[in-house]
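# Geometric and topological summary
Residue-level listing of the chains:
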Amino acid sequence: MQSLPKKYNFSEIERKWQQKWEEMGIYHFDWNDTKRVPFTIDTPPPYPSGEFHMGNILNWTYFDIVARYKRMRGYNVLFPQGWDCHGLSIEIQVEKEHKIRKRDVPPDQFRKWCEQLIEKYIAIMKDAILKLGCSIDWTTEYRTMDPDYWRRTQLSFILLYKKGYMYQGTHPVNWCPRCETAIADAEVDYEEKAGTLHYIRFPLENSSEHLLIATTRPEFIPACVAVEVNPADERFNKYVGKKIVVPVVNRTVKVIPDEAVDPSFGTGVVMICTYGDKEDVKTVIKHKLPVIRLLTENGRINENGGKYAGLTISQARKAIVEDLAAAGLLEKTEKLEQEIGVCDRCKTHVEILEVKQWFMKTRALTEQVEKTANEVLWYPDFMKTRLIDWARSLDWDWVISRQRVFATPIPVWYCKNCGELILAEKEWVPIDPKLENPRIDKCPKCGSRGFIPERDVFDTWMDSSITCAVHAGWPDRRDWRRLFPADVHPSGIDIIRTWAYYLMVRHLALFGETPYKSCLINGMVLGSDGRKMSKSLKNYVASPEVLGKYGSDATRQWAAGGGATGSDIPFRWPDVEYGRRFLVKLWNVSAFVNKLLKDYAPSETAEFALQPLDKWVLSKAEKLTQKVTEAIENCQFNIAVEEIRNFTWHTLCDCYVEAVKDRLYRPETHGEAKKVAAQHTLYEVLYRVLRLLSPITPHLTEEIYQTMYADSKGFKSLQVAPWPEFNEAFVDEEAEQRGDLIITLIGEIRREKAEKHLPLNTPVKKLTVFVADKITEEVVKSGSGDITGAHKVINLEIVPPREREYTGGKKVLQHGREIPQFPDARFAAEYDEGMKK
Ligand SMILES: [Zn+2]
Ligand SMILES: [Zn+2]
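Residues numbered from 1 in each chain as written. Chains lettered and ligands numbered in written order. Predicted model: local features only at pLDDT ≥ 70, side-chain atom pairs only at ≥ 80, totals over all residues. Heavy atoms only, no water.

### A few points about the overall build of the chain
Scanning the chain from terminus to terminus reveals 23 helices and 31 strands. Rg of the C-alpha trace for the chain: 36 Å, well past the compact-globule value of 28 Å for 837 residues, more than 25% over. Along the first, second and third principal axes, the C-alpha set of the chain runs to 115 × 65 × 45 Å. Within the chain, the proportion of its 837 residues that are buried is 56%. Of the contacts made within the chain by residues no fewer than 6 positions apart, 78% connect residues no fewer than 24 positions apart. A total accessible area of about 35,800 Å² is found for the chain, and carbon and sulfur atoms account for 50% of it. Across the chain, the mean location of the 117 positive side-chain charges is 2 Å away from that of the 119 negative side-chain charges. (Helix = DSSP H or I, 4+ residues; strand = E, 2+ residues; numbered from the N terminus. Rg over C-alpha atoms; globule rule 2.2 N^0.38 Å. Buried < 20%, exposed > 50% of the residue type's maximum accessible area, 1.4 Å probe, protein only. Contact = heavy atoms within 4.5 Å. Areas by Shrake-Rupley, 256 points an atom, 1.4 Å probe, with all protein chains shown as cover. Lys, Arg positive; Asp, Glu negative; His and termini not counted. Charge placed at Lys NZ, Arg CZ, Asp CG, Glu CD.)

### Here's the deal with the pattern of salt bridges
Applying the stated criterion across every chain yields a total of 73 salt bridges. Between E91 and R404 there is a salt bridge, and its shortest N-O distance comes to 3.1 Å. With E91 in helix α3 (residues 88-98) and R404 in the loop between β17 (401-402) and β18 (412-415), this residue pair connects regions lying 313 residues apart in the sequence. R404 shares its class with E91; the two are buried. (Salt bridge = Lys/Arg side-chain N within 4 Å of Asp/Glu carboxyl O.)

### Describing the packing of aromatic side chains
For any two aromatic rings, the description comes down to two numbers: the centre-to-centre distance and the angle of the planes. Applying the stated criterion across every chain yields a total of 37 aromatic pairs. A ring pair is formed by Y167 and F359, whose centres lie 5.4 Å apart and whose planes are at 20 degrees; its orientation type is stacked. Here F359 lies in strand β14 (residues 351-360) and Y167 lies in strand β5 (residues 166-176), a separation of 192 residues in the sequence. Each residue in the set Y47, W398, W461, W499, Y501 and Y502 is aromatic and connected to the rest through ring pairs, giving one cluster. A cation over an aromatic ring shows up here: K332 above the ring of Y199, its NZ or CZ 4.4 Å from the ring centre. (Phe/Tyr/Trp six-rings, centres within 6.5 Å; stacked < 30°, edge-to-face > 60°. Lys NZ or Arg CZ within 6 Å of the ring centre and 35° of its normal.)

### A few points about the coordination of the zinc ion (ligand 1)
Protein coordination at the zinc ion (ligand 1) comes from C176 (SG), C179 (SG), C343 (SG) and C346 (SG), with a distance range of 2.2 to 2.4 Å. Between the four donor atoms coordinating the zinc ion (ligand 1), the angles at the centre fall across 103 to 121 degrees, so the site counts as tetrahedral. Relative accessible area serves as the criterion here: at 3%, C179 is assigned to the buried category. (Donors = N, O, S within 2.8 Å, 3.2 Å for Na, K, Ca; no water. Tetrahedral: all angles 85-135°; square planar, octahedral: opposite > 155°, others 65-115°.)

### A look at unusual backbone geometry
In most cases, non-glycine residues show a negative phi, while peptide bonds are predominantly trans. Residue P380 is reached from Y379 by a cis peptide bond, and omega for that bond is -5 degrees. Relative to the helices and strands, P380 is located in the loop between β15 (377-379) and α9 (384-393). That bond from W474 to P475 is cis: its omega, 5 degrees, falls within 30 degrees of zero. Looking at the secondary structure, you find P475 in the loop between α11 (467-471) and β22 (489-492). A positive phi angle, near 50 degrees, is found at K99, a position not held by glycine. Structurally, K99 can be placed in the loop between α3 and α4 (107-131). Notably, H757 is not glycine yet its phi reads approximately 55 degrees, a positive angle. You can see H757 is positioned in the loop between α21 (733-755) and β26 (764-771).

### A look at the sheet that holds strand β13 (residues 330-343)
The three strands are arranged β8-β7-β13 in an open sheet whose pairing can be described as antiparallel. Because the sheet does not close on itself, it has two edges, and the strands there are β8 (210-215) and β13. Pairwise comparison of adjacent strand axes, ignoring direction, gives a mean angle of 20 degrees for this sheet. By the bridge criterion, six bridges tie strand β7 (residues 188-203) to β8 in an arrangement that is antiparallel. In the strand pairing of β8, F202 is matched with L211. (Pairing = 2+ DSSP bridges. Axes fitted to C-alpha atoms, helices over the stretch in contact; angles between N-to-C directions.)

### Describing the side chain of R404
Classification of R404 by relative accessible area gives buried; the value is 5%. Side-chain polar atoms of R404 contact the side chain of E91, separated by 3.1 Å. Not counting chain neighbours up to four residues away, the residues in contact with R404 comprise H86, G87, L88, E91, K102, R103, T181 and V457. (Polar contact = N/O pair within 3.5 Å; in protein donor to acceptor, adjacent residues only side chain to side chain.)

### Focus: the coordination of the zinc ion (ligand 2)
On the protein side, the zinc ion (ligand 2) has C415 (SG), C418 (SG), C443 (SG) and C446 (SG) as donor atoms, found 2.2 to 2.3 Å from it. Geometry at the zinc ion (ligand 2) is tetrahedral, judged from its four donor atoms and the angles of 103 to 114 degrees they form at the metal. Here the donor residues for the zinc ion (ligand 2) map to a single chain with the spacing C-x2-C-x24-C-x2-C. Residue C418 is found in the loop between β18 and β19 (421-423), and its partner C443 is found in the loop between β19 and β20 (451-453); the two are separated by 25 residues along the sequence. The exposure class assigned to C418 is partly exposed, which follows from its relative accessible area of 32%. C443 gets classed as buried once you look at its relative accessible area, which sits at 2%.

### Describing the nonpolar core
Core analysis: the biggest nonpolar cluster contains 139 residues, and W558, F571, L586, Y656 and L767 have the highest contact counts within it. Looking at this core, the element that brings in the most residues is helix α16 (residues 637-665), giving 13 residues. The residues contacting Y656, other than those within four sequence positions of it, are L613, D614, W616, V617, T651, A678, T681 and L682. (Core = buried A, V, L, I, M, F, W, Y, C linked by side-chain atoms within 4.5 Å.)

### A short note on the state of the cysteines
The final tally for this structure, using the stated rule, is zero disulfides. For the unlinked cysteine C468, the closest cysteine sulfur is that of C519, found at 9.2 Å. Exposure remark for C468: the relative accessible area of 2% places this residue in the buried category. (Disulfide = S-S within 2.5 Å.)

### A word on the sheet that holds strand β23 (residues 518-522)
Within the open sheet, the three strands sit side by side as β15-β23-β22. Their pairing is parallel. Of all strands in the sheet, those with a lone pairing partner are β15 and β22, marking the two edges. Taken over all neighbouring pairs, the strand axes of this sheet differ in orientation by 20 degrees on average, direction set aside. As defined by bridge partners, β22 adjoins β23 across four bridges and the pair is classed as parallel. Looking across to β23, one finds that S491 is bridged to I521. The sheet contacts of helix α2 (residues 54-72) involve β22 and β23, and relative to β23 the element is tilted by about 145 degrees.

### Points about the packing of helix α13 (residues 543-561) against helix α14 (residues 573-596)
Where α13 meets α14, the closest approach of the two axes is 8 Å, and the angle between their N-to-C directions is 75 degrees. In terms of their interaxial angle, α13 and α14 are classed as roughly perpendicular. Each of E545, V546, K549, Y550, D553, A554, T555, Q557 and W558 in α13 lies in contact with α14, whose residues at this interface are W573, D575, V576, E577, G579, R580, F582 and L583. Here the contact of α13 with α14 is composed, by residue class, of eight nonpolar, three polar and six charged. (Parallel < 35°, antiparallel > 145°, perpendicular 65-115°, else oblique. Nonpolar A, V, L, I, M, F, W, Y, C, P; charged D, E, K, R; others polar.)

### A look at the environment of D148
For D148, the location among the structural elements is in helix α5 (residues 147-162). Sequence spacing of D148 and P430 is 282 residues, and the spatial spacing of their C-alpha atoms is 6.9 Å. A polar atom in the side chain of D148 sits 2.8 Å from the side chain of R151. Side chain to side chain, D148 and R152 meet in a polar contact 3.1 Å long.

### Overview of the environment of N522
With respect to the element layout, N522 can be found in strand β23. For N522, a relative accessible area of 4% gives the class buried. Sequence separation between N522 and L58 is 464 residues; the distance between their C-alpha atoms is 7.4 Å. Apart from the residues lying within four places of it in its own chain, the contact partners of N522 are G55, L58, N59, Y62, S491, G492, I493 and G566.

### Some points on α3
Note: α-helices contain 3.6 residues per turn, so residues at a spacing of three or four share the same orientation. Inspection of α3 places L88, I90, E91, I92, V94 and E95 among the buried residues, and these make up the whole buried set. Check the buried side of α3 and you find it contacts α4, β6 (181-183) and β13. With its phi angle positive at about 50 degrees, K99 sits one or two positions after the end of α3.

From the geometry alone we can't say anything about function, so treat these as descriptive.
Take a look at the structure:
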């Protein structure tokens, strides 16, 4: 057995093992192994953002614990890592850095800039993942911007098109005027903003009367197509069917009836514009109203806006309000707080535009999504309702096309002559229709030889929502179904509606099967003030700072132990510090044990003269194994880490080690056999702790294992040592009760010494233990070696049970309560006061 250095140098140890594990190939998934059961993790490919933040740390720690645990359980673990490159934010970032808009430069140039930025960002994030010690098989690394990944995205589109899931349609979609692209419901955030409610008079045609309309968006007046009232509203129903003048553009529209109008809301009269909001979309469809498109794709008023054409939305609002006031049609204005939809990438107010887009028929799958979500295991269970509620809440199909540059192209052309749609063949992909013609001579319909490429590209979620199949080797490996569905899909609570949902609909449509068997949800990381961590709130902590200061093992303890899985977890420095202190404690006790085991030869077969406290701690270690195994199986990492820390710190270090020191130091008094029994117990219990802890704090446990255990246990790494199997036969309730009494007695004497301000090594001249019954007497006798050893007791007297209750001495209590099995053990100690401080 080698020696552990005195001081624990985390950065050196962590760097060393991260490198060695890589060299050993510990994380390598063996594609050809047919013996071990595979276990697949659907690692989310993150957007390269240049920052691996504390939320990512939380996320990756969760599934790295699962990966390491499953490896120890003998699974062939597939832990891949990809990068979801085509996020909108990369385009925005490049536009900012180069001070251009995406259409100002050739697409090739723009793409190159995006790729360069992505590589820079990936390098930073990969470094953080490595420093966190994630057991990723880097031979699986992929980027969704690579042609080989395009191939998969495009192939999945071709298959779904042929199955009837993909269609083109001119429908209203969410539109970001800054990013100039359609966006999905899932990409719309909602923000509270101060707005102004304008009360505007709409004159009735050929009448001196008017109706009052309250609106926060007067700039949409030129796109007004109807005015609505509730037919049951006696104030207004007489106007139904009449014509009303739209101010500033001087057109007339009809007053129409609709029961959906709430007479008590606003003025009870509603202006319908195309499109002020989603409600307008519903009304237009319901009443078959015409559509006046008012906005250009970059958010300006178009020719339908008359004199306001060319203005931005806010300029138009100002001009129209001024004109209304000048015409005497603005009755009043009021301030109000309103919730508005904004682009989740750039925070621009989202508009609704009717444009031709590609859609996936996702709403047709809602029932199947619900059924499948109920069959999947969720950690925690109640999270499944988030997916189901989201699927049910969707008004529109998923708009999968985007008007962007840096994304996977849609592999489609149109005939220049007759407009026939030409879909790429499976063998053609990857392909960019803007650079290549379809591989056919002429249009199959009209024979024309000219083609127009589809200029739209895919939503980035079209790339990332096939990961479960891609990780398994689809479409290239014939045996990909062996690794599909994924065993676990980890997801943040905030991306259930995107990641978990899109994965589900894509795979259900493609393969008729759930993409994942279980879903592991992590909450958000909050600042130490309990609010969402954010740079603007000044409660932000960057992960390199944490990893640099405390290392991976301490940080991972924070992530695992910070709270229940799925709940939001605050980042607190003291939690990481506590993790660090625990590691130092574990290091110190290991170094101590290491020293005391110099003459110990580990043996699997030898018989040991186990003492009550040896049996006590061995039984408790067995129960710990059961609790930790159950907790990790159920993804309750906080319970696992708490159980191990409590056991190590209190049961092992404070109680057991303290109680048996004397046996190890002075075998001449206790006998060699009892010393070896303590050595054996320490050796095995520490090994147990190291294994249970290794998925959570892999580096330190590996270092201790390699120094103290590798020679005798024989595994090349603790990471591939078998997980300890809980064995009920090794639980000894009686031994635990007996040990509890001995440990408590030792602890009570220690407490009394502290109360008397005596050093803990003060000898006890005489210790009298009064026992109420025969069993208690026997227990104290059997533990007398450790009791006298722990407290340097010179003279121990055990006073046997009497007829009448003994009234003297101090009661032996545990955590302030009597030990129920031993109702009347009392003690009185005479200390060697000469040593008083
Ligand atoms: Zn935007
Ligand atoms: Zn044609």
